[in-house]
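Listed below are the residues making up each chain.
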Amino acid sequence: MSTDDTTPDGLIPAAILASDTPVAVYGYARAKAGEEGRMLGEIQAIIGLTRKEDGCDQYVVHTTPDQPGAFAFYERWSSGAHLLAHVSQPFMQTYFAAVADLAEGELEAHWLHPLS
């Protein structure tokens with residue numbers, strides 16, 4: 001976890017969190033063998049809660065039958081402050097702790113600054 005214990009180490013760059021314009025991320029996670037169902041459950045548990053949050057413009061998770069346990073995420077937030085509020089939610093703390101044990105390797109994240 002990071003020094004503020006809200007997100008896995010290095011997941012969100014400081015410049016993203018400081019942004020007062022929209023920010024987005026696409027990411028990827030793969031479940032450990034045998035943990036696909038549990039990881040799916042953890043992800044499904046946060047989708048509705050996340051979409052209701054202030055500043056959440058879009059939150060979509062994808063998977064494919066060809067690669068069970070592989071998940072691709074796309075999120076767009078109105079600002080870095082909204083994203084920080086999101087990752088600080090208690091349900092996200094529970095999610096990050098669970099996924100740390102279920103994921104194969106590190107969560108992958110690619111940060112974006114939307115043009116429109």
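Everything that follows concerns the structure shown earlier in this document.
Because the structure is predicted, anything quoted here is derived from the model rather than measured.

1. What about the overall build of the protein chain?
Alright, step 1. Helix and strand counts for the protein chain stand at 4 helices and 4 strands.
Alright, step 2. Taking 13 Å as the expected radius of gyration for a compact globule of 116 residues, we find that the protein chain reaches 14 Å, a close match to that expectation.
Alright, step 3. Long-range contacts, defined as pairs at least 24 residues apart, comprise 71% of the intrachain contacts of the protein chain with a sequence gap of at least 6.
Alright, step 4. Once the 6 positive and 16 negative side-chain charges of the protein chain are each reduced to a mean point, those two points are 7 Å apart.

2. Points about the environment of Glu36
Alright, step 1. Take Glu36: it is sitting in helix α2 (residues 36-51).
Alright, step 2. Residues Glu36 and Val87, spaced 51 residues apart in sequence, show a C-alpha to C-alpha distance of 23 Å.
Alright, step 3. With residues up to four places along the chain from it excluded, the contact list for Glu36 reads Ala31, Pro68, Gly69 and Phe71.

3. Some details on the nonpolar core
Alright, step 1. Membership of the largest hydrophobic core comes to 24 residues, with the highest contact counts inside it found for Met39, Ile43, Phe73, Leu83 and Tyr95.
Alright, step 2. Of the residues forming this core, the biggest block, 6 residues, is contributed by helix α4 (residues 90-102).
Alright, step 3. Discounting chain neighbours no more than four positions away, the residues touching Leu83 are Ile12, Ile16, Leu17, Val23, Glu75, Trp77 and Trp111.

4. Considerations on the sheet that holds strand β2 (residues 56-63)
Alright, step 1. Reading across from one edge, β2-β3-β1-β4 is the order of the 4 strands in this open sheet, with antiparallel pairing throughout. Every interior strand has two partners, whereas the edge strands, β2 and β4 (108-112), have only one. Adjacent strand axes in the sheet meet at a mean angle of 10°, parallel and antiparallel pairs treated alike.
Alright, step 2. Inspection of the sheet shows strand β1 (residues 23-30) paired to β4 by 5 bridges, in the antiparallel sense. By the bridge assignment, Tyr28 is partnered in β4 with Glu108.
Alright, step 3. Sitting on the sheet, α2 is in contact with β1, β2 and β3 (70-77), with an inclination near 160° to β2.

5. Regarding α2
Alright, step 1. With 16 residues, α2 should cover 22 Å at 1.5 Å per step; its first-to-last C-alpha distance of 23 Å lies within 8% of that length.
Alright, step 2. Along α2, the residues classified as buried are Met39, Ile43, Ile46, Ile47 and Thr50. Viewed along the axis of α2, the buried residues span an arc of 125°, placing them on a single side of the element. The outward face of α2, more than 90 degrees from its buried face, is lined by the exposed residues Gly37, Arg38 and Gln44.

6. Side note on the packing of α2 against α4
Geometrically, a packed helix pair is captured by the angle between its two axes and the distance between the axes.
Alright, step 1. At a minimum axis distance of 10 Å, the contact between α2 and α4 shows a crossing angle of 160°. When the axes of α2 and α4 are compared, the pair comes out roughly antiparallel. The hand of the α2/α4 crossing is left-handed. Contact residues: α2 offers Arg38, Met39, Glu42, Ile43, Ile46, Leu49 and Thr50, while α4 offers Phe91, Met92, Tyr95, Ala98, Val99 and Leu102.

7. Here we look at the environment of Glu108
Alright, step 1. As for its position among the elements, Glu108 is in strand β4.
Alright, step 2. For the pair Glu108 and Ala29, spaced 79 residues apart in the sequence, the C-alpha separation amounts to 6.4 Å.
Alright, step 3. With residues up to four places along the chain from it excluded, the contact list for Glu108 reads Tyr26, Gly27 and Tyr28.
Alright, step 4. Engagement of the side chain of Glu108 in a polar contact is seen with the side chain of His110, the distance being 2.7 Å.

About the criteria used
- Residues numbered from 1 in each chain as written.
- Predicted model: local features only at pLDDT ≥ 70, side-chain atom pairs only at ≥ 80, totals over all residues.
- Heavy atoms only, no water.
- Helix = DSSP H or I, 4+ residues; strand = E, 2+ residues; numbered from the N terminus.
- Rg over C-alpha atoms; globule rule 2.2 N^0.38 Å.
- Contact = heavy atoms within 4.5 Å.
- Lys, Arg positive; Asp, Glu negative; His and termini not counted.
- Charge placed at Lys NZ, Arg CZ, Asp CG, Glu CD.
- Core = buried A, V, L, I, M, F, W, Y, C linked by side-chain atoms within 4.5 Å.
- Buried < 20%, exposed > 50% of the residue type's maximum accessible area, 1.4 Å probe, protein only.
- Pairing = 2+ DSSP bridges.
- Axes fitted to C-alpha atoms, helices over the stretch in contact; angles between N-to-C directions.
- Expected span 1.5 Å × (residues − 1).
- Arc of directions from axis to C-beta.
- Parallel < 35°, antiparallel > 145°, perpendicular 65-115°, else oblique.
- Left-handed = near helix turned anticlockwise from the far one by under 90°.
- Polar contact = N/O pair within 3.5 Å; in protein donor to acceptor, adjacent residues only side chain to side chain.

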